[in-house]
Amino acid sequence: MKYLAKDDSKCIQCGTCESICSKTYYKEDNYEKSCIVVKKDGKPEINVCNQCGECIDICPVIAIKRDKQGIVRINKKICVGCFMCVGFCPQLSMRQHDDYIEPFKCIACGLCAKECPTGAIYIAERSDDEAKEMNLDQVFNR
Amino acid sequence: MDIKRIKEGHKLLAEYKYELGTIERGYTNRTLYVNISDNTIASKAVTPMMKEKFVGGKGFGLWYLWNATTPSTKWDDPENEIVIAGGPACGITQYAGAGKSLVCSLSPLTDIPIDSNVGGFFGPLLKFSGWDALEIQGKAEKDVIVVIDGNKGLVTIEEAPYEAVDGHILGEQLTEMYADNEDDKRNVSVVTAGSGAEHTRMGLLNFSFYDPRRKVTRLKQAGRGGIGTVFRNKKIKALVVKFSNVKGDLNNAYDQAVINKTGIKYHREIHDLDHLQNNMRKIGTANIIEVMDEYDLLPVMNFQYGSHPDTEKIKSTVFIEKYITQGVQDGCWYGCSMSCAKAADCFKLKTGPYKGQRVTVDGPEYENAAGLGSNCGIFDPEAILELNFYCDTYGIDTISFGTATAFAMECYERGIINKEITGGLELKFGNFETAVELLHQMSRGEGFGTVVGQGVHRMKKLFVEKYGADPDFLFDIGMEQKGLEYSEYVSKESLAQQGGYGFTNKGPQHDEAWLIFMDMVNNQLPTFEDKAEALHYFPMFRTWFGLYGFCKLPWNDIVPADNKYTDEPAKVPEHVQNYLDVVYGVTGKRLSTEDMIRESERVYNFQKIFNIRMGKGLRKNDKAPYRSMGPVTKEEYESRQERYDNQLKEIGYNPEGKTTEEKIKVLREYREDQYEKLMDAVYKRRGWNSNGVPTIEYLKELGMDLPELIEVVKDLQ
Ligand code: SF4
Ligand code: SF4
Ligand code: SF4
């Protein structure tokens, strides 16, 4: 599966990634509307979804699914805005802003990685076996 | 028969087109009135007075019921109503447990108003379809369904002859019939009863929601008080609501951001702490089976005992490991991260009309495991699941069924009734085959099952009048009050909980107060005043959930990590604040904790006066069976002899050399006296006189000195 990998030690807290992300998806330069978040005080820490898939099983309407590339995506049309996925993301990378009634997350598009001056973020691949969601057909014997 | 053919059998009786309307701060400001006698359908305005004094949910239900009935109305009169209302917070998706419907009606068991708090999607979808409440009156000639299409703005009453009656099939049939496709199924919710509701007084209503992972229609129960019996008596087969565009902001909240923030904080708390606390996400309320056993609170064999060595076989881990599907999102409305609506999948039935079929069983909840299991002496998880399934699909309340069956079993074992009377049924504790046969008889409307289905109150009368039983003894062991069966906790060692059960409006049900741990285990209520304060605060606080459309469980089935360091851990102050914040977010009303209690006091006292109006709201109606207070029989006393002997010593009576009978008598006098004293203290705290009647002064203080209420209480001051 494809995901946005990170190396905190290379991050210089410039905020370029946040700016690119929010401008791309929400037409606004506002880090609160970015899927990737960088801690600005103290040691750098980049927070971004690693496509683990835990949120998939949390969603009551199955609005969250993994696509063919292995990216975990939200179908905002059917999302009912419960924000359980936000509360249950193990690393708090599912994002929410009160201007919208659906959450948002990184889809590993890689636009930010292209602009990162130090290479602290980059698109990587890891084994599909690491996916955390359950197999419903197996669970329900279908 | 296929769905198309079933649908073709419908005959349209009435049709009503309406404007879709808007929701403002949680209210649609309209009620849908449907009369199935003359097939009128109308829109009624929700008035500012109603919102101010009754808030919504159960408040609206009781208000409509009051206006629809008279002191002489019986449960099966056409003018009796079934009112379903969600409350202003019902339908928000961010805070756990905000999809509840409150159902009110005059009860066939108690002849007074009953209210029931139920999950499933009906309440929220009803609101999104444009209605704060659905008020159903009248009686149809043939089986009908009422269909509300919240996308088209269309309500119909239709004769529906071919649909099944049993809940699990009817729910599936109508979900399939009214959904456009598989994805649309979650936009349909169905209310049904079941075949057993037709032949008993303890019928329940199933409220459905579609589970997109299991691909089955799940059923949540408005269980208590026989509303399903009223439903079938009115010849309603089902109610259907459809609304296809659910989003997270449809309540049109005053401040959505506050709701989001509070909701996400709570989701995170569940994520971090549930597995360290109650495991609600794994097993729901059944997590306490073994805890209750450990504290001698699990009803065993008609509440004679509080624990049993075989509880081991039905403890929560057995269900988690062998039966309940783990890791599936199980909220009974969107956004419930507590997710306690558990289910056993692919469960193979061993008896009855569906024998051999594999079904999804909704449950077991604690009450089912205790009522259908230990209280009937049944310690077999598969027996519990099977009884649970049949109760639901037949539309029978598991609690009333469990407590009534346990009573009948004790009567049988003591020779008060025999095989001739039971029609050959060996009604012994632990006999699953007999228990499940009673249920099948209730469904078919035959045999001793229909006798048990009348409830403990009417069984007592029958056994005395027809079979010469001792009325005093039956009064002692028959666990009912006001006609309603006790729910499944042994209250013998907690005076506060005896009051928690005994001084309720609708009958002995723990949804008003559950004080056993505070009182008995943690000894936080040492004086009568302390107990009275708790028996004021908690019933009022818990009434409030039903005004707004909330579920009680997310309040204290998890607590914040630092809760124990707060001033009043039993109240879970942070969660109370969450509720006040969410209600502010929805309605714009900034309530204090005092305002919150006040809102409840208004509705609580209204219900109290409603009871008085119906002839059952006075002190004499709060008398409780002695089984709820102490050991009735020798065996009960001797099984916990040390405990009881010690209590006798504490009250200055030397048990040495006394017979058990003598000791029982002294203990009983003491405990009954304590109960009376508690009653005095609680009535005073609740603003009532010693006869249990709200004083006019207090009603004025509450702003509930409505002329129609004063009329009922003025001669009882
Ligand atoms: S949002 Fe969180 S839970 Fe969902 S895939 Fe990303 S890291 Fe995993
Ligand atoms: S917020 Fe939307 S995507 Fe997230 S769990 Fe709720 S419905 Fe699913
Ligand atoms: S806690 Fe359980 S009963 Fe309450 S709303 Fe959530 S799933 Fe439903």
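Note that the coordinates shown come from a computational prediction; the quantities given were computed from them, not determined experimentally.

Engineer: Summarise the overall build of chain B; cite the residues concerned and give the values.
Structural biologist: Helix and strand counts for chain B stand at 29 helices and 17 strands. For a compact globule of 717 residues, the expected C-alpha radius of gyration is about 27 Å, and chain B comes in at 24 Å, within 12% of that figure. By its C-alpha atoms, chain B is 80 × 55 × 55 Å across when sized along the principal axes. A burial count over chain B gives 67% of its 717 residues as buried.

Engineer: Pulling in residues and values, what's your account of the interface of chain A and chain B?
Structural biologist: Every contact between the two is made by 31 residues of chain A and, on the other side, 30 residues of chain B. Interface of chain A and chain B: buried area, both sides summed, is about 2,500 Å²; carbon and sulfur atoms make up 62% of it. At the surface where chain A touches chain B, the tally comes to one salt bridge. Across the pair E102(A) and K247(B) runs a salt bridge, and its minimum N-O distance is 2.9 Å. If you look at where chain A meets chain B, you find 13 residue pairs in polar contact (both at pLDDT 80 or more). Only helix 2 (54-58), helix 3 (84-88) and helix 5 (136-139) of chain A provide two or more residues apiece to the side of chain A that touches chain B. Counting residues per element, the side of chain A that touches chain B draws most heavily on helix 3 of chain A, at four residues. Looking at the side of chain A that touches chain B, its residues break down into 22 nonpolar, three polar and six charged.

Engineer: So what about the site of ligand 2? Which residues, and what values?
Structural biologist: Neighbouring ligand 2 are C59(A), P60(A), V61(A), I64(A), I74(A), C79(A), V80(A), G81(A), C82(A), F83(A), C85(A) and P103(A). Looking at the shell around ligand 2, its residues break down into eleven nonpolar, one polar and no charged.

Engineer: Could you give me a rundown of the nonpolar core, with the residues and numbers involved?
Structural biologist: Proteins that are soluble and globular tend to have nonpolar side chains buried together. Core analysis: the largest hydrophobic core is formed by 176 residues, its most contacted members being F401(B), F448(B), W544(B) and F550(B). It is helix 21 (residues 528-548) of chain B that provides the largest number of residues to this core, a total of eleven residues. Among all residues touching F550(B), those that are not within four sequence positions of it are A89(B), G97(B), A98(B), K100(B), N117(B), W544(B), F545(B), Y579(B), V582(B) and V583(B). In this structure, C85(A), I101(A), V103(B) and A222(B) belong to the second largest nonpolar core, which totals 63 residues.

Engineer: Tell me about the pairing of strand 11 (residues 205-211) of chain B, residues and numbers included.
Structural biologist: All names here are of chain B. The element strand 11 is extensively covered by neighbouring structure, given that seven of its seven residues are classed as buried. Here strand 11 shows two buried faces, one formed by L205, F207, F209 and D211 and the other by N206, S208 and Y210. Pairing analysis gives seven bridges linking strand 11 to strand 12 (residues 216-222), with the strands arranged antiparallel. Bridged to F207 within strand 12 is K220. The hairpin formed by strand 11 and strand 12 contains four residues between the paired strands, and K215 there has a positive phi angle of roughly 60 degrees.

Engineer: So, the environment of G423(B): which residues are in play, and what are the values?
Structural biologist: All names here are of chain B. As for its position among the elements, G423 is in the loop between helix 14 (419-422) and helix 15 (432-444). Assessed through its relative accessible area of 62%, G423 is described here as exposed. In this structure the C-alpha to C-alpha distance between G423 and F448, which are 25 residues apart in sequence, comes to 6.4 Å.

Engineer: So what's going on with helix 17 (residues 456-467) of chain B? Residues and values would help.
Structural biologist: Residue and element names in this part refer to chain B. Of all the positions in helix 17, only V456, M459, K460 and F463 are classed as buried. The arc that holds every buried residue of helix 17, seen down its axis, measures 105 degrees, which confines them to one face. Relative to its buried face, helix 17 has exposed residues pointing more than 90 degrees away, namely E465 and K466. Directly after helix 17, the chain includes G468, whose backbone phi takes a positive value near 65 degrees.

Engineer: So, the sheet that holds strand 12 of chain B: which residues are in play, and what are the values?
Structural biologist: Residues and elements named next belong to chain B. Strand order in the open sheet formed by seven strands is 1-9-8-13-10-11-12, and the pairing between neighbours is mixed. Here the strands that pair on one side only, and so sit at the sheet edges, are strand 1 (11-17) and strand 12. The mean inter-strand angle of the sheet, taken between neighbouring strand axes irrespective of direction, is 20 degrees.

Engineer: Account for the sheet that holds strand 7 (residues 133-137) of chain B, with residues named and values stated.
Structural biologist: Residue and element names in this part refer to chain B. As summarised here, the arrangement of the six strands in space is 3-2-7-4-5-6, forming an open sheet in which the pairing is mixed. The open sheet has two edge strands, strand 3 (40-45) and strand 6 (113-118), and neither has a second partner. Shown here is a sheet whose adjacent strand axes are inclined to one another by a mean of 15 degrees, direction ignored. Note: strand 4 (residues 81-85) against strand 7, five bridges, orientation antiparallel. Note that in strand 7 the partner of A85 across the bridge is A133. Sheet strands in contact with helix 3 (residues 58-68) are strand 2 (30-35), strand 3, strand 4, strand 5 (101-106), strand 6 and strand 7, and its direction is about 20 degrees off that of strand 5.

Engineer: I'd like to hear about the pattern of salt bridges, residue by residue, with values.
Structural biologist: All names here are of chain B. Evaluated as defined, the whole model comprises 69 salt bridges over all chains. Among the ionic pairs, R444 bridges to E437, the shortest N-O distance being 2.8 Å. Taking the relative accessible area as the measure of exposure, E437 reaches 23% and is therefore partly exposed. The salt bridge partner of R598 is E701, with a shortest N-O separation of 3.1 Å. Here the residue R598 occupies a position in helix 24 (residues 593-613), and E701 occupies one in helix 28 (residues 696-702), the gap between them amounting to 103 residues. For R598, a relative accessible area of 23% puts it in the partly exposed group. Under the relative-accessibility criterion, E701 is labelled exposed at 52%. Overlapping salt bridges bring together D211, R214, R218, D330, K342, D345 and D362 as one network.

Engineer: So what's going on with the confidence of the model for chain B? Which residues, and what values?
Structural biologist: Considering every residue of chain B, the mean pLDDT works out to 97; 100% of them sit at 70 or more. Across the whole predicted complex the pTM is 0.97, and at the interface the ipTM reaches 0.98.

Engineer: Lay out the packing of aromatic side chains in plain terms, naming residues and giving numbers.
Structural biologist: Residues and elements named next belong to chain B. Counted under the stated rule, the structure contains 50 aromatic pairs over all chains. Consider the rings of W63 and F606, whose centres lie 6.1 Å apart with planes at 55 degrees: the pair is tilted. Of this pair, W63 sits in helix 3 while F606 sits in helix 24, placing them 543 residues apart in sequence. Since its relative accessible area comes to 11%, W63 is described here as buried. Look at F606 and you get buried, because its relative accessible area is 0%. Grouped by ring-pair contacts, the aromatic residues Y95, Y266, Y537, F538, F541, W544, F545, Y548, F550, W555 and Y579 constitute a single cluster. The ring of Y27 has K51 lying over it, and the distance from NZ or CZ to the ring centre is 4.5 Å. Across from the ring centre of Y683, 5.9 Å away, lies the NZ or CZ of K608, which sits over that ring.

Engineer: Give me the lowdown on the packing of helix 21 of chain B against helix 27 (residues 660-685) of chain B, citing residues and values where you can.
Structural biologist: Residue and element names in this part refer to chain B. Look at helix 21 against helix 27: their axes get within 8 Å of each other, and the N-to-C directions meet at 55 degrees. By the angle between their axes, helix 21 is oblique relative to helix 27. Handedness of the crossing formed by helix 21 with helix 27: right-handed. In contact with F528, K531, A532, E533, L535 and H536 of helix 21, helix 27 contributes Q674, K677, L678, A681, V682 and R685. When grouped by side-chain class, the residues that make up the contact of helix 21 with helix 27 number six nonpolar, two polar and four charged.

What counts as what
Residues numbered from 1 in each chain as written. Chains lettered and ligands numbered in written order. Predicted model: local features only at pLDDT ≥ 70, side-chain atom pairs only at ≥ 80, totals over all residues. Heavy atoms only, no water. Helix = DSSP H or I, 4+ residues; strand = E, 2+ residues; numbered from the N terminus. Rg over C-alpha atoms; globule rule 2.2 N^0.38 Å. Buried < 20%, exposed > 50% of the residue type's maximum accessible area, 1.4 Å probe, protein only. Contact = heavy atoms within 4.5 Å. Buried area = accessible area lost by both parts, 1.4 Å probe. Salt bridge = Lys/Arg side-chain N within 4 Å of Asp/Glu carboxyl O. Polar contact = N/O pair within 3.5 Å; in protein donor to acceptor, adjacent residues only side chain to side chain. Nonpolar A, V, L, I, M, F, W, Y, C, P; charged D, E, K, R; others polar. Near = heavy atom within 4 Å. Core = buried A, V, L, I, M, F, W, Y, C linked by side-chain atoms within 4.5 Å. Pairing = 2+ DSSP bridges. Arc of directions from axis to C-beta. Axes fitted to C-alpha atoms, helices over the stretch in contact; angles between N-to-C directions. pLDDT = per-residue confidence, 0-100. Phe/Tyr/Trp six-rings, centres within 6.5 Å; stacked < 30°, edge-to-face > 60°. Lys NZ or Arg CZ within 6 Å of the ring centre and 35° of its normal. Parallel < 35°, antiparallel > 145°, perpendicular 65-115°, else oblique. Left-handed = near helix turned anticlockwise from the far one by under 90°.

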